[in-house]
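Residue-level structure breakdown
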Amino acid sequence: MEWARLIDKVTSKSLWMMMYCTGCGAIEMPPTVTSRWDVERFGIMPMATPRQADIFLITGYLTKKTLKRVIYVYEQMPEPKYVIAHGSCPIDGGIYYDSYNTINRLDLFIPVDLYIQGCMPRAEAVMDALLKLREMVEKGEANAWQKYHENFEYYDKNQKALFGENWRAVMTL
Amino acid sequence: MINLNNFQINVWAALSLLFLPIYGTAIGLLFMGIFRRLSARIHQRYGPPLWQPYADVIKLFSKKSNFSHGWVYDLGVIMGLAGPALMLWFIPFNGLPNMAPYGDLIVILYTMVIGPLGMALAAAVGASPWGVLGVARALGMMFGYELPFMLAVLAVVAKAGTLRLTEIAAMQQSAGLWNPSNWFYALVPVAAVAGHIALQGVMGEKPFDQAIAPHEIGTGIMTEFGGKYLGMMFLFAALNLFAELALFSVLFLGGGPLWLVTLKALFLYVIASLVDITYGRFRPDQAFALLWKWPTVLALIGLMIVLFS
């Protein structure tokens with residue numbers, strides 16, 4: 001138990017993040033990672049590929065098309081992995097709530113650790129969320145990734161209801 | 001009859017062989033931390049603490065799921081780590097018993113490619129197109145930097161008249177440990193400058209980082225690596241970095257005891273980091289043309305000067 005606590009403490013000091021930037025939230029990322037706010041001083045670094053990432057940051061709305069990619073990328077990330085939903089769109093649809101091809105709630109399809117509300121959340125809010133996540137990882141509370149194993153039937157049911165029964169078989173990247 | 005004296009010396013040598021790769025990895029990770037701090041200061045940021053790479057490696061090794069792509073993938077990663085460890089064993093450090101008296105420069109130049117080849121093997125079976133592209137670029141760059149580097153080394157060999165690295169190191173220290181007049185950087189300056197430019201390519205620092213190329217081709221060779229495998233990649237990068245810097249400082253900057261070589265390696269690495277932070281990344285063809293043009297011509301001129309003077 002003590003050893004696990006120690007590992008959690010070290011892990012919280014080094015979180016690599018992959019940013020899914022199709023929405024307008026992408027514009028808040030440059031000030032967050034560059035010299036204006038500099039998240040690298042907390043050990044948080046943007047990474048290029050899902051295999052290397054710990055945090056998956058969803059910035060902005062998700063369409064039916066992009067959500068498939070998000071689920072695939074999420075499943076490629078090594079565990080433990082953390083998801084942050086950034087902005088109103090992944091929470092309740094935001095200003096696109098009645099669009100014919102966007103989804104309104106991200107946590108129906110993959111488990112989410114933290115939500116940042118607002119449209120748009122500023123870089124300060126992103127920093128705040130990242131530090132909160134860091135605290136949660138240190139205490140061993142960021143366990144949303146385990147829900148994907150425990151409740152996979154629930155997530156799978158929602159995914160199939162949206163995309164059709166054999167969407168994984170027919171999907172081409 | 002067991003000679004107890006000899007036995008004790010062998011235990012000490014074995015311990016030193018065990019110690020060298022661990023020390024090299026630790027120092028290499030520290031160098032990476034220094035690099036990240038330095039680049040942050042140049043970007044007018046605070047940057048991560050110096051121990052950040054250690055935390056990264058511990059985190060990577062504590063990941064709960066690790067994706068393998070078969071036994072070649074697993075073995076390639078181990079082979080990658082073994083290459084620079086072997087190279088470090090053949091580099092002479094004053095007062096530290098290792099395998100340096102039993103091998104010469106040819107052996108070291110062969111061990112130099114084992115590590116990158118192991119990693120290339122693992123990346124090539126990793127089934128990621130970016131990884132394969134990174135491997136192709138890495139092997140192409142290897143052709144690019146090996147020619148000027150070998151020519152620069154050849155100038156040193158011609159000047160010293162020997163291939164033995166222990167003798168090359170002793171020759172440079174003949175005027176005293178701190179006296180740079182016998183260092184090959186002073187004796188064959190033109191070839192040394194060529195070797196120094198090629199060293200940037202050997203280390204894969206910008207402008208010669210096409211094999212990794214973050215955000216251009218994913219992260220190149222590292223694209224498919226995650227968890228423990230990426231941790232091994234980090235350890236390989238750290239150990240390889242220290243081994244290459246140590247080789248260059250023994251060849252051109254006089255060598256010496258381990259702590260002095262570490263200081264010289266740090267000096268070389270800070271220069272390389274400043275170049276890395278200042279420059280952008282060249283296209284593979286541009287980098288290749290640059291390496292086969294300027295350093296190669298310089299190294300050839302240096303070699304001519306040594307041979308005909």
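Refer to the structure printed above.
The next subject is the overall build of chain A. In terms of helices and strands, chain A carries 8 helices and 5 strands. Moving toward the C terminus, one meets the helices and strands of chain A in the order α-β-α-β-β-α-β-α-β-α-α-α-α. Against the compact-globule benchmark of 16 Å for 173 residues, chain A has a radius of gyration of 16 Å, which places it among compact chains. If you line up chain A on its principal axes, its C-alpha atoms span 45 × 35 × 25 Å.

Take the overall build of chain B next. Along its length, chain B carries 11 helices and 0 strands. Listing every helix and strand of chain B by position from the N terminus yields α-α-α-α-α-α-α-α-α-α-α. In terms of C-alpha radius of gyration, chain B reaches 20 Å, essentially the compact-globule figure of 19 Å for 309 residues. Dimensions along the principal axes, computed over C-alpha positions, put chain B at roughly 60 × 55 × 40 Å. Burial analysis of chain B (309 residues in total) assigns 54% to the buried set.

Attention shifts here to the sheet that holds strand β1 (residues 15-20) of chain A. All names here are of chain A. Sheet architecture is open: 5 strands sit in the order β2-β1-β3-β4-β5, paired in parallel fashion. For this open sheet the edge positions go to β2 (44-46) and β5 (114-116), each flanked by a neighbour on one side alone. Shown here is a sheet whose adjacent strand axes are inclined to one another by a mean of 25°, direction ignored.

Phe93, Leu245 and Leu247 of chain B are the most contacted members of the largest nonpolar core, which totals 66 residues. The contact partners of leucine 245 of chain B, leaving out residues within four places of it in the chain, are Phe31, Leu199, Met203, Ala265, Leu268 and Tyr269 of chain B. Listed in part, the 45 residues of the second largest apolar core include Val70, Met77, Val83 and Ala129 of chain A.

Interfaces are often described in size by the accessible area the parts lose on coming together. With 28 residues of chain A at the interface, the matching set in chain B holds 32 residues. Counting the surface lost from both chain A and chain B, the interface buries some 2,400 Å², and carbon and sulfur atoms represent 58% of this. The largest contributions to the chain A side of the interface with chain B come from Trp16, Glu40 and Arg51 of chain A, which together make up 25% of the buried area. Here chain A and chain B share 6 salt bridges between them. Its salt-bridge partner being arginine 36 of chain B, residue glutamate 40 of chain A comes within 2.9 Å of it at the nearest N-O pair. Viewed at the interface, chain B and chain A are joined by 17 residue pairs in polar contact (both at pLDDT 80 or more). Elements with a minimum of two residues in the side of chain A that touches chain B: α1 (2-12) and α3 (64-76) of chain A. Top contributing element to the side of chain A that touches chain B by residue count: α1 of chain A, with 3 residues.

Okay, helix α10 (residues 258-278) of chain B next. Spanning 21 residues, α10 of chain B covers 30 Å between terminal C-alpha atoms, matching the ideal 30 Å at 1.5 Å per step. Inspection of α10 of chain B places Leu258, Leu260, Val261, Thr262, Lys264, Ala265, Leu268, Tyr269, Ala272, Ser273, Asp276 and Ile277 of chain B among the buried residues, and these make up the whole buried set.

The next point concerns the packing of aromatic side chains. Residues and elements named next belong to chain A. The tally for this structure, following the rule as stated, stands at 21 aromatic pairs over all chains. The interplanar angle of 50° and the centroid separation of 5.8 Å between the aromatic rings of tyrosine 72 and tryptophan 167 together place this pair among those described as tilted. Of the two residues, tyrosine 72 sits in helix α3 while tryptophan 167 sits in helix α8 (residues 167-170), which places them 95 residues apart along the sequence. Residue tyrosine 72 is classed as partly exposed on the basis of its relative accessible area of 21%. For tryptophan 167, a relative accessible area of 2% puts it in the buried group. Between tyrosine 74 and tyrosine 148, the ring centres sit 5.3 Å apart and the planes meet at 90°, which makes this aromatic pair edge-to-face. Here tyrosine 74, found in helix α3, pairs with tyrosine 148, found in helix α6 (residues 144-150); they are 74 residues apart in sequence, far enough to count as distant. Judged by its relative accessible area of 1%, tyrosine 74 falls in the buried class. Among the residues examined, tyrosine 148 registers a relative accessible area of 9% and is labelled buried.

All names here are of chain B. When you line up the elements, leucine 18 lands in helix α1 (residues 4-42). Owing to a relative accessible area of 57%, leucine 18 belongs among the exposed residues under this scheme. Sequence spacing of leucine 18 and asparagine 98 is 80 residues, and the spatial spacing of their C-alpha atoms is 9.8 Å.

All right, on to the pattern of salt bridges then. Tallied over the full model, the rule gives 16 salt bridges over all chains. The partner of aspartate 38 of chain A in a salt bridge is arginine 45 of chain B, and the shortest N-O contact between them spans 3.1 Å. With aspartate 38 of chain A in the loop between α2 (29-33) and β2 and arginine 45 of chain B in the loop between α1 and α2 (52-61), this residue pair bridges two chains. Each member of the pair aspartate 38 of chain A and arginine 45 of chain B is classed as buried. One continuous salt-bridge network, built from bridges that share partners, spans Asp38 and Glu40 of chain A together with Arg36, Arg45 and Asp56 of chain B.

Glancing now at the side chain of serine 273 of chain B. Along the chain, serine 273 of chain B falls in helix α10. In this structure, serine 273 of chain B is in contact with Phe35 and Leu38 of chain B, ignoring residues within four places of it in sequence.

This brings us to the packing of helix α5 (residues 129-160) of chain B against helix α8 (residues 189-203) of chain B. Residue and element names in this part refer to chain B. Look at α5 against α8: their axes get within 8 Å of each other, and the N-to-C directions meet at 145°. In this structure, α5 meets α8 at a crossing whose hand is left-handed. Every residue of α8 that contacts α5 at Tyr145, Pro148, Phe149, Ala152 and Ala155 is listed here: Ala191, Gly195, Ala198, Leu199, Gly201 and Val202. Per-class residue counts for the contact of α5 with α8 are 9 nonpolar, 2 polar and no charged.

Before going further, it helps to spend a moment on the state of the cysteines. Here, the word disulfide means a covalent bond between the sulfur atoms of two cysteines. Residue and element names in this part refer to chain A. Applying the stated criterion across every chain, the model contains 0 disulfides over all chains. Of all cysteine sulfurs in the structure, the one in cysteine 24 sits closest to cysteine 21, which takes part in no disulfide; the separation is 11 Å. Unpaired in this structure, cysteine 119 has its nearest cysteine sulfur neighbour in cysteine 89, at a distance of 5.9 Å.

Residues Val11, Trp12, Leu15, Leu18 and Ile22 of chain B make up a contiguous nonpolar surface patch of roughly 520 Å² in combined accessible area. Tracing the chain through its elements places valine 11 of chain B in helix α1.

What counts as what
- Residues numbered from 1 in each chain as written.
- Chains lettered and ligands numbered in written order.
- Predicted model: local features only at pLDDT ≥ 70, side-chain atom pairs only at ≥ 80, totals over all residues.
- Heavy atoms only, no water.
- Helix = DSSP H or I, 4+ residues; strand = E, 2+ residues; numbered from the N terminus.
- Rg over C-alpha atoms; globule rule 2.2 N^0.38 Å.
- Buried < 20%, exposed > 50% of the residue type's maximum accessible area, 1.4 Å probe, protein only.
- Pairing = 2+ DSSP bridges.
- Axes fitted to C-alpha atoms, helices over the stretch in contact; angles between N-to-C directions.
- Core = buried A, V, L, I, M, F, W, Y, C linked by side-chain atoms within 4.5 Å.
- Contact = heavy atoms within 4.5 Å.
- Buried area = accessible area lost by both parts, 1.4 Å probe.
- Salt bridge = Lys/Arg side-chain N within 4 Å of Asp/Glu carboxyl O.
- Polar contact = N/O pair within 3.5 Å; in protein donor to acceptor, adjacent residues only side chain to side chain.
- Expected span 1.5 Å × (residues − 1).
- Phe/Tyr/Trp six-rings, centres within 6.5 Å; stacked < 30°, edge-to-face > 60°.
- Left-handed = near helix turned anticlockwise from the far one by under 90°.
- Nonpolar A, V, L, I, M, F, W, Y, C, P; charged D, E, K, R; others polar.
- Disulfide = S-S within 2.5 Å.
- Patch = residues over 30% accessible without salt bridge, like charges linked within 9 Å, V, L, I, M, F, W, Y side chains within 5 Å.
- Areas by Shrake-Rupley, 256 points an atom, 1.4 Å probe, with all protein chains shown as cover.

Such coordinate-based values are descriptive only and should not be taken to indicate function.
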